[in-house]
Amino acid sequence: MIGKSQVGEPQWAVAQCLDLGDIIGVDGQLGRTKTGELTIFVAALHFLSKSLETPPEKHKGLTDPELRQRCAIWI
């Protein structure tokens, strides 16, 4: 869980630029939400790597066997 008040203005701007598949690192405390869901309460956000390819569609998946082998990290 990340909020503008927890990480500050510069890191919040970075969070707004993230895309699906980007790799980030976070510092924070592990805890539970009001509904009991396990989550990390983020205190600092670190941008590690930009994703060059978008992840495959959720419902169709990867139909090309060769691409499936190259993208085994997404399966």
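My aim in this report is to walk through the structure given alongside it, one point at a time. (Residues numbered from 1 in each chain as written. Predicted model: local features only at pLDDT ≥ 70, side-chain atom pairs only at ≥ 80, totals over all residues. Heavy atoms only, no water.)

Focus: the overall build of the protein chain
Reasoning step 1: From N to C terminus, the protein chain includes three helices and two strands.
Reasoning step 2: The secondary structure elements of the protein chain, listed N-terminal to C-terminal, are α-α-β-β-α.
Reasoning step 3: Long-range contacts, defined here as pairs at least 24 residues apart, represent 40% of the contacts in the protein chain between residues at least 6 apart.
Reasoning step 4: Carbon and sulfur atoms make up 57% of the accessible area of the protein chain, which amounts to about 6,200 Å² in all. (Helix = DSSP H or I, 4+ residues; strand = E, 2+ residues; numbered from the N terminus. Contact = heavy atoms within 4.5 Å. Areas by Shrake-Rupley, 256 points an atom, 1.4 Å probe, with all protein chains shown as cover.)

Let's talk about the pairing of strand S1 (residues 23–32)
Reasoning step 1: With 10 bridges joining them, S1 and strand S2 (residues 38–49) adopt antiparallel strand pairing. Opposite Arg32, over in S2, you have Leu38 as the bridge partner.
Reasoning step 2: In textbook terms, the turn of a hairpin is the stretch between consecutive antiparallel strands, and for S1 and S2 this stretch comprises five residues, one of which, Gly36, has a positive phi near 90 degrees. (Pairing = 2+ DSSP bridges.)

Some thoughts on a nonpolar patch on the surface
Reasoning step 1: Among the surface-exposed residues, Val14, Ile24, Val26, Leu30, Leu38, Ile40 and Phe47 lie close enough to one another that they form a single nonpolar patch of about 600 Å² accessible area.
Reasoning step 2: At the level of secondary structure, the elements contributing two or more residues to the nonpolar patch comprise S1 and S2. (Patch = residues over 30% accessible without salt bridge, like charges linked within 9 Å, V, L, I, M, F, W, Y side chains within 5 Å. Salt bridge = Lys/Arg side-chain N within 4 Å of Asp/Glu carboxyl O.)

Considerations on the side chain of Asp22
Reasoning step 1: With respect to the helices and strands, Asp22 occurs in the loop between helix H2 (9–16) and S1.
Reasoning step 2: At 2.8 Å, the side chain of Asp22 forms a polar contact with the backbone nitrogen of Asp19.
Reasoning step 3: There is a polar contact of 2.9 Å between the side chain of Asp22 and the backbone nitrogen of Ser51.
Reasoning step 4: Setting aside anything within four residues of it in sequence, one finds Asp22 in contact with Cys17, Phe47, Ser49, Lys50 and Ser51. (Polar contact = N/O pair within 3.5 Å; in protein donor to acceptor, adjacent residues only side chain to side chain.)

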